[in-house]
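Examination of the molecular architecture
Single-letter residue listing:
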Amino acid sequence: MSTERLAAALADRYRIERELGAGGMATVYLAHDVRHDRKVALKVLRPELSAILGAERFLAEIKTTANLQHPHILGLFDSGEADGNVFYAMPYVEGESLRDRLKRDHQLPVEEALRIAREVADALEYAHQHGIVHRDIKPENILLHGGHAVVADFGIALAASRSEGGSRMTETGMSLGTPHYMSPEQAMGEREITPKTDIYALGCVLYEMLTAEPPFVGASAQAIIGRVLTEEPRSLTAQRKTIPPHVEAAVRMALAKLPADRFASAKEFAEALGKSDFALPMSATRVSAAQGASSAQGTTPWRRQVTRSLPWVLALAGLALFAIERSRPEPQPPPVGRFALQLTPEAFTGQAYQPMALSPDGSRLVYVGVPATGQQLFTRLLDQLDAVPIPGTANATNPFFSHDGSTIAFVVGTKLMKVAVAGGPALPITDIRTAFFGGTWSEQDTILFADDKGLHVVPAAGGQSTLVAAPDSGSTVTYRWPEFLPGGRAAVLATLDSNVDRLAAFTLSTREVRRFNVVGANPHYVAQGYVTFSLLGAVANASVVGAGTLMAVPFDARRLEVLGGPAPVAEGVQVGPTSRAGKLAVSRSGAITFATGAVGSYSLVEVTREGTARDLGAPTRFYGTPRLSPDGRRIALSINESGSSDNWVFDRVAKTLTRVTFDGSASRAIWTTDGRRLVYSRNGDAQDLAWIPADGSAPAETLLVGTDDQFAGDFTPDGRTLVMREGGQSITRRIVSVALDSARTRRTVIESAFQNHSPSLSPDGRWVAFVSDESGRVEVYVRPFPGPGGKWQVSKFGGTEPRWSPTGKEILFRSGSSLMAAAVQTGATFSPGEVRELFKTDAVAGPNFPNYDVTKDGRSLILLTPPATSEQGLVMLLNWFDNLSVRPR
């Protein structure tokens, strides 16, 4: 049943907000109870279960649990049927399940595990006194709210077993319990299940909290059940010396094969956990020492049934062991898997520096998508077909996972944020004041990230970041793409120096950066003992040359040593010239996802306001910032390829593309008002502004020497003043004006604690449109130029890249994948009007500068779009490292 149909069927009672998860019996949704104005967890049985169980009988049974009122029991609010599907509603509990906690921490502190067990036992005692047996106690059904245990789904398994279809469950391969926590009598299919089966299950849960595994594990449900019936669990104290002997004795008694040998009640079990002098009864001790040996003299029906079945179980187990140990071939690694990955509802955008991330276990992909509602993060479990948006991640980029995969960190504007994979609010971690070049999250919940200043650490809980490594004063080195190694004491990263990326390692305690003679960017460590990295173009002195290639080098994570030469892993990987890193994600387990196709290969097109596109005939290149000359005939462009960038001019009539600059560090050119010169940024990190005759008749001259980023925006109509953006490395981005007189007089136009950029002047020079993130989301604003005066917001739901129409009656801007037009009135004051969408586009966006232009008549726009022939996609690569014949030492 689709979520839309379900939402429609329940609209009068519940408003479904999002899916929280899915299990073997039901899908769980977070919903709003319309009648009572509260959040609820809405569980909807799988359609095949609804059909098998019979809705009326099932609902009649679970109503018996609605009267349970206990602080450690999650109550039942409501139940019913919607469009043929059975549902029931429970309180929505903020927090996590015990299963989530165990996935993260594996083992719990002994005292905490005992407290949780006692709280669950208290809930079980109450339910048992009211004649209700849970029958499915397991970590998934124990929620942790404020650190305390709350037991969910009371009586649901019982209702399923008693409903008219319950007996058909096993015929369809569906189980009413979980083998790891099933009591022997439940596994044997006894009709009468007593409270002691819950005591057994709780013993299993406590065993797992203390040792990280249930008492019995196996490759299949049948194997687990066979061990439940025939074996004794391993000693707790032998596995963990801090477990008191009385706890070992209490857990062993709870896990007794015979119900009669277990505690008489859950209360007794809880009391025994708190008695330091508790010991197993002598009879139970003898049984335990004998490893569960039993005789046929038992008198209970269950004992007789086990006795009759035991020879067959043992015989089957023996045959299975013989087949496994004697007949199977030598174990082989799983085959290498390579397949295309389809992403819905929106394909990823490779415009982000790092557009994707894989969870450490390789099971979940997060990527940057650009739907109609604007750029945000999407997540997809790789065993599912569909991706879902992550709320609270508008305009997010550069995602990376926490060490346990439960949380995603990402960057929005000037903030490093985080959000739980399971859902919840997006929370700030720290401020990012300069260009962000990757982050990583350690097992100690420390985040290490890189920017133009160096490497910084910050607690994952949030706070002020600390600079822990910076290049030497005057050095051109920058640090990028750190990733923690196992243990969190060190990280691999890349250094960029003189246009060459090299691998390096950083030690947190000594704050030392050790550089390796391995050329590459964007390193990732995999558990098989390798570091992967991407290569961009042909690099001098590199041992391996491969543009758009993913490489791997054997690496000792303990000694921080490269153990051999690099080897190619995959060809055809998108490697963004702007970010100098492969568009890829690598999990700690060795799974790899990478983008393919022509990265940075764009077509220069003219698009009418109605969305009709016409290719202008320029070759596809990695273009940036198209700007029309005042006469509308020529288009200035930057071309960024093989790690260098220069300015070119395309003649729309002659169809010629002519190079204007040759220093390899020129970008973002604009025309002077007379059309004779180009003003542009150059010299890498310390951006000078230079200008050069557009016809190449004279060399470039320095216009403004920069100590920080400087990017030209617009000229005033008289051509005497330049409006520009400054900052981004050591200072917050601000907007200034510079008089082109001999003194080069500089004046601040817009400056605040927020990021302000992308200035665009109105045709009459009286108003400046710009972008600011002061509201927490990037929006387009207008202020008088040169000021002072008020401020008006033009965009409503996010906006970037403002450009004035030639008439001055409209401001065009981007919002997500849409080109928007905002009507404005100017005069003695400014008045924003209606905002409407012109068309949707896959044109390349600019993060903090307009990446398009408007024709002189205002009827068309000049855009950069991926060519129609460019086949871009994602590839998933599995088990590559498991099949290497030579392993690192």
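Keep in mind that what you see is a predicted model, and the values were worked out from it rather than measured.

So, the overall build of the chain
A count of helical and extended segments in the chain gives 14 helices and 59 strands. Per-residue burial over the chain gives 55% buried out of 889 residues. Considering only contacts in the chain between residues 6 or more positions apart, those separated by 24 or more positions represent 49%. For the chain, the accessible surface area stands at approximately 38,100 Å², while carbon and sulfur atoms represent 51% of it.

Notes on the sheet that holds strand E44 (residues 701–704)
Strand order in this open sheet of 4 strands is E41-E42-E43-E44, and the pairing throughout is antiparallel. At either end of the open sheet lies a strand with only one pairing partner, and these are strand E41 (667–671) and E44. Mean inter-strand twist for the sheet, computed between neighbouring axes without regard to direction, equals 35 degrees. The pairing of E41 with strand E42 (residues 677–682) spans 3 bridges and is antiparallel. Bridging across to E42, Ile-670 finds its partner in Val-679.

A few points about unusual backbone geometry
At the junction of Phe-785 and Pro-786, the peptide bond is cis and its omega measures out at 0 degrees in the coordinates. Checked against the element boundaries, Pro-786 lands in the loop between strand E51 (779–784) and strand E52 (792–793). Here the amide bond leading from Gly-787 into Pro-788 is cis, since omega sits at 0 degrees, within 30 degrees of zero. Tracing the sequence through the fold places Pro-788 in the loop between E51 and E52. Even without glycine at this site, Asn-398 takes up a positive phi of about 50 degrees. With respect to the helices, strands and loops of the structure, Asn-398 is situated in strand E14 (residues 397–401). Look at Asn-398 and you get buried, because its relative accessible area is 5%. Non-glycine residue Asn-879 carries a positive phi angle of around 65 degrees.

Quick word on the nonpolar core
With 54 residues, the main nonpolar core has Leu-98, Phe-154, Leu-206, Met-209, Phe-263 and Phe-269 as its most contacted residues. Elements supplying a minimum of two residues to this core: helix H4 (98–105), helix H5 (110–129), strand E7 (142–145), strand E8 (148–151), helix H8 (196–211), helix H9 (221–230), helix H11 (245–254) and helix H12 (266–273). The contact partners of Met-209, leaving out residues within four places of it in the chain, are Leu-98, Leu-102, Gln-107, Leu-108, Ala-113, Ile-116, Ala-117 and Arg-240.

Topic: the confidence of the model for the chain
Residue-level pLDDT values for the chain average 82, and 81% of them are 70 or greater. Confidence scores differ between elements of the chain, with helix H13 (residues 282–289) showing the lowest mean pLDDT of 46 and strand E57 (residues 853–854) the highest of 96. Counting contacts from residues 310–328, a segment whose pLDDT is below 50, to residues more than four positions away or on other chains yields 9 contacts. Note that pLDDT drops below 50 for residues 537–547; the model gives that stretch 15 contacts with residues more than four away or on any other chain.

Considering the packing of H5 against H8
Running from N to C, H5 and H8 point in directions that differ by 165 degrees, and their axes come no closer than 10 Å. Judged by the inter-axis angle, H5 sits roughly antiparallel to H8. Note on packing geometry: the crossing formed by H5 with H8 is right-handed. Every residue of H8 that contacts H5 at Val-110, Ala-113, Leu-114, Ile-116, Ala-117, Val-120, Ala-121, Leu-124 and His-128 is listed here: Asp-198, Leu-202, Leu-206, Met-209 and Leu-210. Per-class residue counts for the contact of H5 with H8 are 12 nonpolar, 1 polar and 1 charged.

Quick notes on the pattern of salt bridges
For the coordinates displayed, the defined rule picks out 32 salt bridges. Of the charged contacts in the structure, one is a salt bridge between Arg-652 and Glu-606, with a shortest N-O distance of 2.5 Å. In this pair, Arg-652 is assigned in the loop between strand E39 (644–651) and strand E40 (656–659) and Glu-606 in strand E35 (residues 603–608), connecting sequence segments 46 residues apart. Glu-606 matches Arg-652 in its accessibility class, with the two residues each being buried.

Points about the environment of Ala-654
As for its placement among the helices and strands, Ala-654 is situated in the loop between E39 and E40. Judged by relative accessible area, Ala-654 falls into the partly exposed class, the value being 43%. Measuring from C-alpha to C-alpha, the distance between Ala-654 and Gly-617 comes to 9.9 Å, with 37 residues separating the pair along the chain.

Details of the sheet that holds strand E13 (residues 388–389)
On the basis of which strands lie adjacent, the open sheet formed by 4 strands has the order E10-E11-E12-E13 and antiparallel pairing. The open sheet is flanked by strand E10 (356–358) and E13, the only strands paired with a single partner. By the bridge criterion, 3 bridges tie E10 to strand E11 (residues 364–369) in an arrangement that is antiparallel. Across the sheet, the residue bridging to Leu-358 is Leu-365, located in E11.

Description of the pairing of E8
Here 4 bridges tie E7 to E8, and the two strands are oriented antiparallel to one another. Looking at E8, one finds that Leu-144 is bridged to Ala-149. Where E7 folds back onto E8 in an antiparallel hairpin, the turn is made up of 2 residues, including Gly-146, whose phi is positive at roughly 65 degrees.

A look at the packing of aromatic side chains
Applying the stated criterion across every chain yields a total of 14 aromatic pairs. Look at Tyr-530 and Phe-881: their rings are 5.6 Å apart centre to centre, the planes differ by 40 degrees, and that puts the pair in the tilted class. Taken together, the residues span a long stretch of sequence, with Tyr-530 in strand E27 (residues 530–535) and Phe-881 in the segment after strand E59 (873–878) at a distance of 351 residues. Judged by relative accessible area, Tyr-530 falls into the buried class, the value being 5%. A relative accessible area of 1% means that Phe-881 is categorised as buried. Aromatic pair Tyr-602 and Phe-622: ring centres 5.6 Å apart, planes at 40 degrees, arrangement tilted. In this pair, Tyr-602 sits in the loop between strand E34 (592–596) and E35 while Phe-622 sits in the loop between strand E36 (613–615) and strand E37 (623–628), placing the two residues 20 residues apart along the sequence. Summarising the burial analysis for this pair, Tyr-602 and Phe-622 share the class buried. Directly above the ring of Phe-77 sits Arg-38, whose terminal nitrogen or CZ lies 3.6 Å from the centroid. A cation over an aromatic ring shows up here: Lys-791 above the ring of Tyr-781, its NZ or CZ 5.6 Å from the ring centre.

The rules we used
Residues numbered from 1 in each chain as written. Predicted model: local features only at pLDDT ≥ 70, side-chain atom pairs only at ≥ 80, totals over all residues. Heavy atoms only, no water. Helix = DSSP H or I, 4+ residues; strand = E, 2+ residues; numbered from the N terminus. Buried < 20%, exposed > 50% of the residue type's maximum accessible area, 1.4 Å probe, protein only. Contact = heavy atoms within 4.5 Å. Areas by Shrake-Rupley, 256 points an atom, 1.4 Å probe, with all protein chains shown as cover. Pairing = 2+ DSSP bridges. Axes fitted to C-alpha atoms, helices over the stretch in contact; angles between N-to-C directions. Core = buried A, V, L, I, M, F, W, Y, C linked by side-chain atoms within 4.5 Å. pLDDT = per-residue confidence, 0-100. Parallel < 35°, antiparallel > 145°, perpendicular 65-115°, else oblique. Left-handed = near helix turned anticlockwise from the far one by under 90°. Nonpolar A, V, L, I, M, F, W, Y, C, P; charged D, E, K, R; others polar. Salt bridge = Lys/Arg side-chain N within 4 Å of Asp/Glu carboxyl O. Phe/Tyr/Trp six-rings, centres within 6.5 Å; stacked < 30°, edge-to-face > 60°. Lys NZ or Arg CZ within 6 Å of the ring centre and 35° of its normal.

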